[in-house]
Amino acid sequence: MTPTEIHPTAIVDPAASLGAGVRVGAYAIVGPHVSLGDGVEVMAHAVVHGHTEVGARTRIHCHAVLGGAPQDLKYKGEPTRLVVGENNQIRENVTLNVGTVQGGGLTRVGSNTMMMANSHVAHDCVVGDRVILANNVMLAGHVVVQDGAILNGGAGVHHFTTIGAFAYVGGLSRITKDAPPYHIVEGHPSRVRGVNVIGLKRAGFTDAAVQAVKEAHKLLFRSDLTMRDALRRLKVDFADVREVMELVKFLEASETGRQGRQGEKPRGKSP
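Let me sum up the structure you'll find in this document. Computed from a prediction, not measured in an experiment: that's the story for all the values here.

**Side note on the overall build of the protein chain**
Right, on to step 1. Within the protein chain one finds 4 helices and 28 strands.
Right, on to step 2. For 271 residues, the compact-globule estimate of 2.2 N^0.38 gives 18 Å, and the C-alpha radius of gyration of the protein chain, at 20 Å, lies within 12% of that figure.
Right, on to step 3. Taken along its principal axes, the extent of the C-alpha atoms in the protein chain is 65 × 45 × 30 Å.
Right, on to step 4. For the protein chain, with 271 residues in total, the buried portion stands at 50%.
Right, on to step 5. Roughly 12,800 Å² of accessible area belongs to the protein chain as shown, and the carbon and sulfur atoms make up 53% of that amount.
Right, on to step 6. Separation between the mean location of the 29 positive side-chain charges and that of the 25 negative ones in the protein chain comes to 6 Å.

**Regarding the environment of Ile184**
Right, on to step 1. Along the polypeptide, Ile184 turns up in strand E27 (residues 183-187).
Right, on to step 2. Leaving out residues up to four positions away in the same chain, Ile184 has contacts with Tyr168, Arg191, Val192, Arg193, Gly194, Val195 and Asn196.

**Quick word on the sheet that holds strand E18 (residues 126-127)**
Right, on to step 1. Read from one edge of the open sheet, 8 strands run E3-E6-E9-E12-E15-E18-E21-E24, paired in parallel fashion. Every interior strand has two partners, whereas the edge strands, strand E3 (17-18) and strand E24 (162-163), have only one.
Right, on to step 2. The sheet contact formed by strand E6 (residues 34-36) and strand E9 (residues 51-54) spans 3 bridges and is parallel. Note that in E9 the partner of Val34 across the bridge is Thr52.

**Observations regarding the sheet that holds strand E25 (residues 168-169)**
Right, on to step 1. Strand order in the open sheet made by the 11 strands is E1-E4-E7-E10-E13-E16-E19-E22-E25-E27-E28, with mixed pairing throughout. Single-partner strands in this sheet number two, and they are strand E1 (5-6) and strand E28 (190-195).
Right, on to step 2. Across 2 bridges, strand E10 (residues 59-60) lies against strand E13 (residues 89-90) in parallel orientation. For Ile60, the partnering residue across the bridge sits in E13 and is Ile90.
Right, on to step 3. Against the sheet, helix H2 (residues 207-221) contacts E27 and E28, and its axis sits at roughly 140° relative to E28.

**Let's talk about helix H3 (residues 227-237)**
Right, on to step 1. Of the residues making up H3, those classed as buried are Ala230, Leu231 and Leu234. Along the axis of H3, the buried positions cluster into a sector of 100°, meaning they face one direction only. Opposite its buried face, H3 presents the exposed residues Arg228 and Val236, each directed more than 90 degrees away.

Rules and cut-offs
Residues numbered from 1 in each chain as written. Predicted model: local features only at pLDDT ≥ 70, side-chain atom pairs only at ≥ 80, totals over all residues. Heavy atoms only, no water. Helix = DSSP H or I, 4+ residues; strand = E, 2+ residues; numbered from the N terminus. Rg over C-alpha atoms; globule rule 2.2 N^0.38 Å. Buried < 20%, exposed > 50% of the residue type's maximum accessible area, 1.4 Å probe, protein only. Areas by Shrake-Rupley, 256 points an atom, 1.4 Å probe, with all protein chains shown as cover. Lys, Arg positive; Asp, Glu negative; His and termini not counted. Charge placed at Lys NZ, Arg CZ, Asp CG, Glu CD. Contact = heavy atoms within 4.5 Å. Pairing = 2+ DSSP bridges. Axes fitted to C-alpha atoms, helices over the stretch in contact; angles between N-to-C directions. Arc of directions from axis to C-beta.

Structure (structure tokens):
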């Protein structure tokens, strides 16, 4: 069993839970309500505090801060949580905040993600598996990023927005509406540009599935049909294609939320 290694200058609270093979670097800080899984590495000057759980083999690079208080004036010090999965790369100066009571009390990050330098995940966000947040990506509170999505450098995402599975968000984009799965979205403000064909093929989607998504895209975003009529047609023509049905479900949910954001639905009617 690999021994735990704690640098003499690090501060690790005795109440913290450390798995086998955890390494804590110089001047790093680990708080009393923190749980680090087997093989987690906390590098020099990083801080892990709050009620935070980090899964096995995640690497937390220099000056990252996990479990900080939400940047939300409603937060009054409640013991809300941050849960991070396994095998994540959390690079320099990344910040991940705990949740708020109003948002369910939990910020969650999946497994096998890459969060590049200076990216920020705010309170009550849910980030899926195999997600990439490039440098300086900013997720406001209550954002959902589904599995396999890639957000490029400097993209900013409005609170209560959902980024669909395997979506590709262009750098410096301003995302104020849900980004549909399997699509490229970019701009200021953003709009759908096309299907993320390269990303889908790299992720192992079949040629038939990619072609079906491309045909759905044409009906939704390149035809004279209204969104509602296009969705109805897709339900008939592609009823047996899982990827298209997931796209339909996503867009229907977005249509029912405020400002095209399905995360807004629990907040009630528009003013």
